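Now for the letters of each chain:
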Amino acid sequence: MTAVVDTAWEMVVGLEVHCELSTATKLFCGCRNAFGDVPNTNICPVCLGLPGSLPVVNRRAVEYAMRIGEALHCTVEPSIFHRKNYFYPDMPKDYQVSQYDLPINVRGWLDLPDGSRVGVTRAHMEEDTGKTTHVGGGGRIHEAGYALVDYNRAGVPLVEIVSDPDIRSPDQARAYVSELRAVLEAIDVSDVKMEEGSLRVDANVSVRRAGSDEFGTRAEIKNLNSLRSLQRALEYEFRRQIGLLEAGQSIVQETRHWNEEEGRTASMRSKEEAYDYRYFPEPDLVPVEPSEAWRSEVRSSLPPLPAERRAALAAEAGSSSTADVAVVVERGLDTLVRAAIAVGADPERVVTHAVHNLAVEGAEHLDARRFASLVKLETDGKLTATQAKKVLSEMLERGGDPADIAAALGFEAMDESALAAVVDQLIADNPAEFDRLKSGDHKVMGFFVGQAMKATQGKADGKVVTALLRERASS
Ligand SMILES: [Zn+2]
């Protein structure tokens, strides 16, 4: 990851994240909402916009949109649908049904693992368009021989989540999308697969002199299909805009396309203004006015969100780092970790194991009591860190009690007096090395620890060996 460091300029970014909802059917008709089906099989007169057909809003899609609003601390408000008029062959109606000045969710926020907060301007409902494939010419529209259109996606429910321009770096943008994805996954409204287009990101980017409160002219970057693309595009765009301004030129407000292979953005078209779309209220749909009872039902049905889970774990995880706590929650291991801590296992050791030794599928099903017993064997000095790791991997693969596994692996407790005898023998066998240790050359410590491991077939605790040697060298 390369950080963008330019003390004279500041990056200002707002993100628009389109999230495809995982409802069974589309937003205004009963057609199946599914990715990868045979083209043009999930279609009907409504989603094809045939004359005389009438849309009916999908109640489940409204509920999912409300879940998103509640999870992002938005106010859920009465809303209406608008027609956004523009021509594109993958949109059979020549307008997209969206929400305009009265969206369902307004004014919320998202807290990131690093403690920063990004405001959410709005999160509104709209329908997705179909999909056009340009054939020939490497998929580029102007070189293609012909185009194919698939309307299966036309009318799939989307929620567009628009952030405030609070993001200041590519890393923060990436963290925002990761966190948003984790929230959407937790509340079960989307499969959040960026590679299948379930989550699509557009970025509004501008720069300004460090210390300025004014906003510069922004460019909107499209086609950010992965976190890596988002990060690279922002880095590129930041440098491009600074280069123009420092050369005395100005930034053009426009829509730009991210080219992943070339690693740069290119101008697509001048940015549309709202009046270009001739928005007007959709006359075929009634306003969406969820009752307070429905809203509170949705609110109380939300599971604990990642930020709450991080806070709960951090409160119990001793001096574990914020980053480690975030990793544990991201892997869904916080329930296991908190249960192990609750029965008395050392918090930092438990978190360390979760971060370094439990990055495997199914680790969350580990028995918390047995996990805690293993950590206790280690903190009581009955197992070395290396042995504990081996026992843990055995527990993950085959299950079982950690003490039994340790015994089966031959990891019997090596008491300190037995280890002291080994250390004394090593000193007797290696007088020259011991003299160097006494004279303060601590590089030979590794040699002695290695010899002790060899002599005990790895059963010695390196920390105890080091302590014994220090004691003898200083006396
Ligand atoms: Zn349909």
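Residues numbered from 1 in each chain as written. Predicted model: local features only at pLDDT ≥ 70, side-chain atom pairs only at ≥ 80, totals over all residues. Heavy atoms only, no water.

Peer 1: I'd like a rundown of the coordination of the zinc ion, residues and numbers included.
Peer 2: Within the first shell, the zinc ion binds the protein through Cys29 (SG), Cys31 (SG), Cys44 (SG) and Cys47 (SG), at distances of 2.3 to 2.4 Å. What the four donor atoms of the zinc ion show is an angle range of 99 to 114° at the metal, which sorts the shape as tetrahedral. For the zinc ion, the donor residues sit on a single chain with the sequence spacing C-x1-C-x12-C-x2-C. Of this pair, Cys31 sits in the loop between strand E1 (9–20) and helix H1 (59–71) while Cys44 sits in the loop between E1 and H1; the two residues are 13 residues apart in sequence, bridging distant segments of the chain. Using a relative accessible area of 9% as the deciding quantity, one classes Cys31 as buried. (Donors = N, O, S within 2.8 Å, 3.2 Å for Na, K, Ca; no water. Tetrahedral: all angles 85-135°; square planar, octahedral: opposite > 155°, others 65-115°. Helix = DSSP H or I, 4+ residues; strand = E, 2+ residues; numbered from the N terminus. Buried < 20%, exposed > 50% of the residue type's maximum accessible area, 1.4 Å probe, protein only.)

Peer 1: Quick one: what's the story with the sheet that holds strand E4 (residues 95–98), residue by residue and with numbers?
Peer 2: Here we have three strands laid out as an open sheet, ordered E4-E3-E14, and antiparallel in their pairing. Edge positions in the open sheet fall to E4 and strand E14 (280–281), since each of these has one partner strand only. Note that strand E3 (residues 82–85) and E14 share two bridges and pair antiparallel. Paired with Arg83 across the strands is Phe280, a residue of E14. (Pairing = 2+ DSSP bridges.)

Peer 1: Can you explain the domain arrangement of the protein? Please cite residues and give values.
Peer 2: On domain assignment, one finds that the protein holds domain 1 (9–300), domain 2 (306–408) and domain 3 (416–474). Inter-centroid distance (C-alpha atoms) of domain 1 to domain 2 is 39 Å. Opposite the seven residues of domain 1 that make contact, domain 2 presents five residues. Taken over both partners, the interface formed by domain 1 and domain 2 buries close to 380 Å², and the fraction arising from carbon and sulfur atoms is 61%. At the junction of domain 1 with domain 2, the criterion picks out one salt bridge. In this structure, Arg310 and Glu179 form a salt bridge, with 3.0 Å as the shortest nitrogen-oxygen distance. Across the contact surface, domain 1 and domain 2 share one residue pair in polar contact (both at pLDDT 80 or more). Of all the elements, helix H2 (residues 170–186) adds the most residues to the side of domain 1 that touches domain 2, at four residues. Looking at the side of domain 1 that touches domain 2 residue by residue, the class counts come to five nonpolar, no polar and two charged. (Domains from an automatic or database assignment. Contact = heavy atoms within 4.5 Å. Buried area = accessible area lost by both parts, 1.4 Å probe. Salt bridge = Lys/Arg side-chain N within 4 Å of Asp/Glu carboxyl O. Polar contact = N/O pair within 3.5 Å; in protein donor to acceptor, adjacent residues only side chain to side chain. Nonpolar A, V, L, I, M, F, W, Y, C, P; charged D, E, K, R; others polar.)

Peer 1: Lay out the pairing of strand E10 (residues 199–209) with the relevant residues and their values.
Peer 2: Of all eleven residues in E10, nine are buried; the element is thus mostly enclosed. In the sheet, E1 pairs with E10 via eleven bridges, with the strands oriented antiparallel. Residue pairing for E10: Val13 is matched across the bridge by Val205.

Peer 1: Got a sec to walk through helix H5 (residues 306–316)? Specific residues and values, please.
Peer 2: Among all positions in H5, only Pro306, Arg310 and Leu313 are buried. The buried side chains of H5 occupy one side of the element, clustering within an arc of 70° when seen end-on. The elements touched by buried residues of H5 are strand E5 (105–111), H2, helix H6 (322–330) and helix H7 (334–342). (Arc of directions from axis to C-beta.)

Peer 1: I'd like to hear about the packing of aromatic side chains, residue by residue, with values.
Peer 2: How two aromatic rings sit relative to each other is given by the distance of their centres and the angle of their planes. Enumeration according to the criterion identifies five aromatic pairs in this entry. On the numbers, 3.8 Å between centres and 10° between planes, the contact of Tyr100 with Tyr279 is stacked. Of the two residues, Tyr100 is situated in the loop between E4 and E5 and Tyr279 in the loop between strand E13 (264–270) and E14; the sequence distance between them amounts to 179 residues. For Tyr100, a relative accessible area of 30% corresponds to the partly exposed category. By relative accessible area, which is 22% here, Tyr279 ends up partly exposed. Over the ring of Trp294 we find Arg59, and its NZ or CZ is 4.1 Å from the ring centre. It is Lys84 that lies over the ring of Tyr277; its NZ or CZ is 4.5 Å from the centre. (Phe/Tyr/Trp six-rings, centres within 6.5 Å; stacked < 30°, edge-to-face > 60°. Lys NZ or Arg CZ within 6 Å of the ring centre and 35° of its normal.)

Peer 1: I'd like to hear about the packing of H1 against helix H4 (residues 292–300), residue by residue, with values.
Peer 2: One way to put it is that H1 packs onto H4 with a least axis distance of 9 Å and a crossing angle of 60°. Crossing angle aside, the handedness with which H1 passes H4 is right-handed. Listed contacts from H4 to Arg59, Val62, Glu63, Met66, Arg67 and Glu70 of H1 are Trp294, Arg295, Val298 and Arg299. Within the contact of H1 with H4, the residues separate by chemical class into four nonpolar, no polar and six charged. (Axes fitted to C-alpha atoms, helices over the stretch in contact; angles between N-to-C directions. Left-handed = near helix turned anticlockwise from the far one by under 90°.)

Peer 1: Explain empty space enclosed by the protein residue by residue, including any values.
Peer 2: All chains considered together, the criterion is met by one cavity of 30 Å³ or more. Met91, Glu127, Asp128, Ala154 and Gly155 are, among the 13 residues lining the largest cavity, the residues nearest its centre. Split by residue class, the lining of the largest cavity holds five nonpolar, four polar and four charged. (1 Å grid on protein atoms, 1.4 Å probe; cavity = no way out; pocket = protein on both sides within 12 Å on 5 of 7 lines; lining within 4 Å. Points joined across faces, edges and corners; volume = space filled by probe spheres on them.)

Peer 1: Can you break down the pairing of E13 residue by residue, with the values?
Peer 2: When strand E12 (residues 254–259) meets E13, the two strands line up antiparallel, connected through six bridges. Along E13, the bridge assignment pairs Arg256 with Ser267.

Peer 1: Any details on the nonpolar core? Residues and values, ideally.
Peer 2: Side chains of nonpolar character tend, in soluble globular proteins, to be buried together. Counting residues in hydrophobic clusters, the biggest one holds 67 residues, and the most contacted among them are Leu15, Ile68, Ile161, Tyr176, Leu184 and Leu230. Per-element tally for this core: the top contributor is H1, with seven residues. For Leu15, the contacting residues outside a window of four places in its chain are Ile161, Val162, Ser163, Ile167, Ala173, Tyr176, Val177, Val201, Asp202, Ala203 and Leu230. By size, the runner-up hydrophobic cluster in this structure holds 32 residues, among which are Leu333, Ala363, Phe371 and Leu377. (Core = buried A, V, L, I, M, F, W, Y, C linked by side-chain atoms within 4.5 Å.)

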